[in-house]
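# Examining the three-dimensional arrangement
As a plain string of letters, each chain reads:
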Amino acid sequence: MSNTISGTKVFMNPLYQGKVDVPEEPKIAPRDVKASSGMMSGSELIEKMGGAPKSDFTIMGKTLKTNSNEYKAALSHLETYQTKLSKLGGEVGDVRTRDIQALKTDLNKVITDADAYADKHAGSSTKSDRREVMADLKAMAQKELQLLDRLGDLVNTKGKGITVADGLVLLRGGVTDASGYNKDLNDSIIDKGKSKDSFASGKANSVSLISYGTEMRVVKSISKEAEKLMAGESSSGFDQSDMRTAARNIASSNVAEKLGIGKTIPMSDIVVHNGQAAIAMKLAKSESLILKTDVPVTDQKLVQQYNHEFDKGWHDNLKGYGVTRTENGDWTKKQTGFKDIPYTGTSNPPLTANIQKGLLDLQVADCLMAQMDRQPENIFIQISGTSAQIIGIDNDMCMGKAMTDLEPTRPDLKKTYGGPPPLMSREMFDKLQAMTPESFKEAIGPEFTQEEVDAGLSRLAKLKEHANALKNDGMIVDNFETWKGIDPTSGEEMNASDFLMASDFRSYVKRDQTTLNKIDVPIPLDLGKH
């Protein structure tokens, strides 16, 4: 909603407390219009071509020679396309067919012009770079045409304020279900002073810390295709050409909600940031269990070695060492520290019990979703007194179609995938048993393939069987602080901490406590920051 007062638009946004005066945007020249991030703007084409098209040669108002006809035509039709798209308001589902067809016509003309340029200069060695630019322009236009044809694939768009330009961005990011799209979180309300791009590195794409008015979000760009998958991820059945990252994150949140642990995997919004589809994750009000710091390299032999390799340009070697050269020419190396979290032990029994329940509840959700990237860095913890809120972030790598069982085929995945837990809380057991195939399919949404859905249903059935087996063995826990179990090997009675560490079943508790036991001096837990 906006009003205009003395030439200034006053935008009302629910994320702001009150009004924020935003000056009207200046008019943009046609060559600078870039409504579609998947196509060049006119200015970008000119820059890549090394300059603007040559003017025609005229004398006394009569054109004696025309120059750069094909380049001029491609530039003109490109600018026309971007301008038309920028002016195409209204929701994507309400746009007239003839308006979409007009956009397609402009793109087809761009393709024709690019081909004509390539044909005209096919034998010119001096224009090889420009021919490559035109080839890139043609490829962009062809992809854009495909996306325009797929606008009808977008579902749940009604009332979301999604324009054709927005729809193209979402499709380019692999999003077809727009139910999670949030128009209010947009670049026009970002507080740049409180925001930080390249805030952290995700598995595939850039991660930014963005201040949308009064609300902070961790924003991670997404793309339809993954540049590279690790071998273990590939074996889980992810389609590198259609990752559907947003769908996997949102499905994880919805399933967690169904299992009664909605705060453990907070819901993400789908947004458009810097012309790309992205997921905006709610900022975890806690700290990572792992802290990485830059430590100065003081060994002079190593410093000499690094300087020598730097001077030689052997940067891959330096990257392999994990070292970084500062502006002052000094060298630092990342050092990983682990927080002194009471996963087990008797120093704080109520807190330890809450941590164990939270981690095991998360493990159940991860096992059901086949979440393959639950490394310690993707677990946050928020502690208040003796209560602990576990938070799982970065939920991209789940719902692989090959994960029909509860265990992965590759042993290396067991480091980041929990598998079926050795103990289960009573609340989680009840929620899991109440989940039906229908409620599971409703929670994950419409963007998954039938193979992925079938694999998920297979895991649901087998996880329920596992839970019933735990129940029969007395492994369903009402209170982790007081629970006692029998060690199947020794026959001795054990508390939850000892049992989790002795169990053959993996758990996040055992994994992270084992790592912590190897640390000489763990980082003290600052309860003021958790």
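It should be noted that the structure appears before, not after, this text.
Anyway, here's the lowdown on the structure attached to this text. The structure presented is a predicted model; accordingly, all values stated were derived computationally and were not measured. As a convention, each chain's residues are numbered from 1 in the sequence order in which they are written. Residue-level local features of this predicted model are given only where pLDDT is at least 70; pairs of side-chain atoms are given and counted only at 80 or more, and the full residue set underlies all totals for whole chains, interfaces and linings. In computing side-chain values, all of the structure's heavy atoms are included and hydrogens and water are not.

## What to know about the nonpolar core
Operational definition: Nonpolar core, defined: a set of buried Ala, Val, Leu, Ile, Met, Phe, Trp, Tyr and Cys residues in which side-chain atoms within 4.5 Å join the residues together. For every residue, the accessible area (1.4 Å probe, protein chains only) is compared with the maximum for its type, and the residue is labelled buried under 20%, exposed over 50%, or partly exposed between those bounds. Numbering of helices and strands runs from the N terminus, with a helix taken as a DSSP run of H or I at least four residues long and a strand as a DSSP run of E at least two residues long. Contacts are residue-level and defined by heavy atoms, with any inter-residue pair within 4.5 Å sufficient.
Membership of the largest hydrophobic core comes to 67 residues, with the highest contact counts inside it found for V255, L259, L423, M424, F440 and I444. Per-element accounting of this core gives the leading share, 11 residues, to helix α10 (residues 349-369). The residues touching L423, leaving out its near neighbours within four places in the chain, are L360, L470, M475, V477, F480, W483, A496, F499 and L500. Residues Y81, I111, I162 and A165 belong to the second largest nonpolar core, which totals 51 residues.

## Quick word on the environment of F440
With respect to the secondary-structure elements, F440 resides in helix α12 (residues 437-444). The sequence separation of F440 and L460 amounts to 20 residues, and the corresponding C-alpha distance is 8.4 Å. In contact with F440, other than residues within four places in its own chain, are V255, L368, M369, M399, M435, G456, L457 and L460.

## Some points on the pattern of salt bridges
For clarity, the cut-off: The salt bridge definition used is simple: a Lys or Arg side-chain nitrogen within 4 Å of an Asp or Glu carboxyl oxygen.
Enumeration over the complete set of coordinates arrives at 29 salt bridges. The shortest N-O distance in the salt bridge between K34 and E44 comes to 2.8 Å. A residue pair is termed long-range when its members are at least 10 positions apart, and K34 in the loop between β3 (20-23) and α1 (42-49) and E44 in helix α1 qualify at 10 residues. Taking the relative accessible area as the measure of exposure, K34 reaches 36% and is therefore partly exposed. In this structure, the salt-bridge partner of D269 is R217, at a minimum N-O distance of 2.7 Å. Residue D269 is located in strand β9 (residues 268-273), and its partner R217 is located in strand β8 (residues 215-221); the two are separated by 52 residues in the primary sequence. For the pair shown, D269 and R217 are each scored as buried. The network of salt bridges with common partners includes K224, D242, R244, R248 and E452.

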